[in-house]
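# Observations on chain architecture
The residues making up each chain are set out below.
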Amino acid sequence: GAWIKPHMGGPPRLVAHLGLDVPPEPTELYVGRAKLRWETGKAHVIDDTYPHSARHLGEHLDGGPERYILHLLICHPCEPEQRQLYSSEAFSCER
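A short tour of the structure in this document, coming up. (Residues numbered from 1 in each chain as written. Predicted model: local features only at pLDDT ≥ 70, side-chain atom pairs only at ≥ 80, totals over all residues. Heavy atoms only, no water.)

Here Asp48 shows up in the loop between β5 (43-47) and β6 (52-56). A polar atom in the side chain of Asp48 sits 2.6 Å from the side chain of Arg13. Apart from residues no more than four positions distant in its own chain, Asp48 is found in contact with Met8, Gly9, Gly10, Arg13 and Val15. (Helix = DSSP H or I, 4+ residues; strand = E, 2+ residues; numbered from the N terminus. Polar contact = N/O pair within 3.5 Å; in protein donor to acceptor, adjacent residues only side chain to side chain. Contact = heavy atoms within 4.5 Å.)

Here's what the structure looks like:
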């Protein structure tokens with residue numbers, strides 16, 4: 001197996017993971033005290049300011065199954081400088 005040690009992101013942001021092709025071997029994502037599992041077709045959105053890590057519990061041999069995750073970084077909507085982007089005026093179709 002493999003392990004990505006606990007870490008946190010830099011600027012406040014949200015991180016979205018969508019499992020595109022995840023083999024059945026267990027891969028776990030730890031966020032704070034929560035434990036999540038990546039699965040094909042399922043998504044997780046986490047606050048990158050919390051400590052998080054990942055652990056692959058299976059064996060990865062040459063030619064073994066690969067894992068594909070769509071990884072998105074999103075501006076945190078609670079940050080003061082980001083709030084105006086999410087205000088109702090910003091999304092209004094009326095001019």
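We now examine the sheet that holds strand β1 (residues 2-7). Strand pairs in the sheet, formed through backbone hydrogen bonds, run parallel or antiparallel to each other. Pairing in this open sheet of four strands is antiparallel, and the strands run β1-β6-β3-β4 from one edge to the other. Lying at the two open borders of the sheet, with one neighbouring strand each, are β1 and β4 (34-37). If you compare each strand with its neighbour and ignore which way they point, the axes differ by 15° on average. (Pairing = 2+ DSSP bridges. Axes fitted to C-alpha atoms, helices over the stretch in contact; angles between N-to-C directions.)

So, about the environment of Ala43. Take Ala43: it is sitting in strand β5. Look at Ala43 and you get exposed, because its relative accessible area is 54%. The residues touching Ala43, leaving out its near neighbours within four places in the chain, are His17 and Leu18. (Buried < 20%, exposed > 50% of the residue type's maximum accessible area, 1.4 Å probe, protein only.)

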